[in-house]
Amino acid sequence: KEGDSVLIQPPVYYPFFEVIRDNNRKIVESPLLLTDGHYEIDFDDLEEKIASQNVKLFLLCSPHNPVGRVWTKEELQKLGELCDRYHVFVVSDEIHCDFAFPEHPHTIFAKACPQLEEKMILCTAPSKTFNLAGLQVSNIWVPGKEVRDRFKAEINAAGYSQLNALGLIACQAAYENGGEWLEQCQAYLRENLKVLRSFLKERLPKIRLIEPEGTYFAWLDCSGLGLSDTALENLIAHQAKLWLDGGSVFDKKSGQFERIVLACTKKTLLQALTQLEAACRGRNS
Ligand SMILES: Cc1ncc(COP(=O)(O)O)c(C=O)c1O
């Protein structure tokens with residue numbers, strides 16, 4: 001209902017903030033904790049926020065954009081127990097699930113927390129996995145019948161019940177026949193991550209890579225450069241001439257971070273990193 005509280009975990013995909021605001025709901029933030037280069041859920045804070053702010057809905061990003069965590073089954077179960085105890089509905093955005101690295105397998109929220117079946121919506125899409133965003137297809141899985149009926153009624157009322165026909169066919173074709181292509185794509189992305197890792201280590205050691213467990217992003221801690229948030233943005237955009245996503249759009253406290261997308265050719269990635277290196281050297285000379 002309007003005015004209800006919705007919980008999110010910054011730094012997080014920034015449209016989460018916008019969609020809550022645009023629907024006249026209240027944003028409740030339970031920030032992730034960064035410890036030794038690894039982001040974790042602060043379960044004490046999460047419970048305190050849920051209880052004190054009367055949270056009704058939890059918008060979960062799983063795997064998490066931009067920090068690249070793939071939540072473990074145990075973490076998801078713990079989240080689920082809290083949501084169950086405090087009657088919080090969960091919308092689990094799992095759009096990056098196909099990009100979980102093999103050593104960090106993705107757990108579907110419904111598998112971790114079957115007890116919440118009536119109180120969850122799961123979202124995936126072929127848009128990222130198969131680069132089909134322009135065809136506007138997503139998979140919204142609503143296991144509970146009552147919620148599903150209400151969801152359908154809302155979608156009909158919004159005049160959005162009909163899928164783009166090309167999108168539907170593309171989605172089906174991608175899931176049925178795109179397995180091999182996806183495996184190659186995932187391998188390529190892993191190579192790009194290696195390229196980034198070694199470039200940073202050898203040529204930009206002041207920028208720290210937050211090791212992702214999935215997704216095609218890398219979240220970079222640039223605080224070692226010793227710049228203000230504004231000077232960092234200036235360096236990236238005007239000196240390195242790159243369009244990365246500045247951390248502050250994901251979280252007001254993450255202005256020292258940058259998100260780089262690795263879903264590009266190795267050549268493009270190397271060119272971007274070379275420009276970044278030149279900009280950093282230019283500052284120091
Ligand atoms: C976590 C998350 N959810 C949703 C979306 C939106 O995806 P689409 O463009 O397919 O609507 C994105 C895109 O970046 C995302 O990262």
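Small disclaimer: the values here were computed from a predicted structure and weren't measured. (Residues numbered from 1 in each chain as written. Predicted model: local features only at pLDDT ≥ 70, side-chain atom pairs only at ≥ 80, totals over all residues. Heavy atoms only, no water.)

A. Expanded view of the pairing of strand 10 (residues 217-221). Among the five residues that make up strand 10, five are buried, leaving the element largely enclosed by the rest of the structure. With burial as the criterion, each face of strand 10 is covered, one bearing Phe217, Trp219 and Asp221 and the other bearing Ala218 and Leu220. As defined by bridge partners, strand 9 (residues 208-210) adjoins strand 10 across three bridges and the pair is classed as antiparallel. Note that in strand 10 the partner of Ile210 across the bridge is Trp219. The antiparallel hairpin formed by strand 9 and strand 10 contains six residues in its connecting segment, where Thr215 sits at a positive phi of about 75°. Relative to strand 12 (residues 257-261), strand 10 is paired through five bridges, and the arrangement is antiparallel. Directly across from Phe217, in strand 12, lies its bridge partner Val261. (Buried < 20%, exposed > 50% of the residue type's maximum accessible area, 1.4 Å probe, protein only. Helix = DSSP H or I, 4+ residues; strand = E, 2+ residues; numbered from the N terminus. Pairing = 2+ DSSP bridges.)

B. Structural context of the site of the ligand. Surveying the vicinity of the ligand reveals the residues Tyr13, Cys61, Asn65, Asp93, Ile95, His96, Ser127 and Lys128. With respect to the ligand, the side chain of His96 contributes an N or O atom lying 2.8 Å from an oxygen atom. Between an oxygen atom of the ligand and a side-chain N or O atom of Ser127, the distance comes to 2.4 Å. In isolation the ligand exposes 400 Å². Once the protein is present, 71% of that is buried. Residue composition of the shell around the ligand, by class: three nonpolar, three polar and two charged. (Near = heavy atom within 4 Å. Polar contact = N/O pair within 3.5 Å; in protein donor to acceptor, adjacent residues only side chain to side chain. Areas by Shrake-Rupley, 256 points an atom, 1.4 Å probe, with all protein chains shown as cover. Nonpolar A, V, L, I, M, F, W, Y, C, P; charged D, E, K, R; others polar.)

By themselves these figures say nothing about function.
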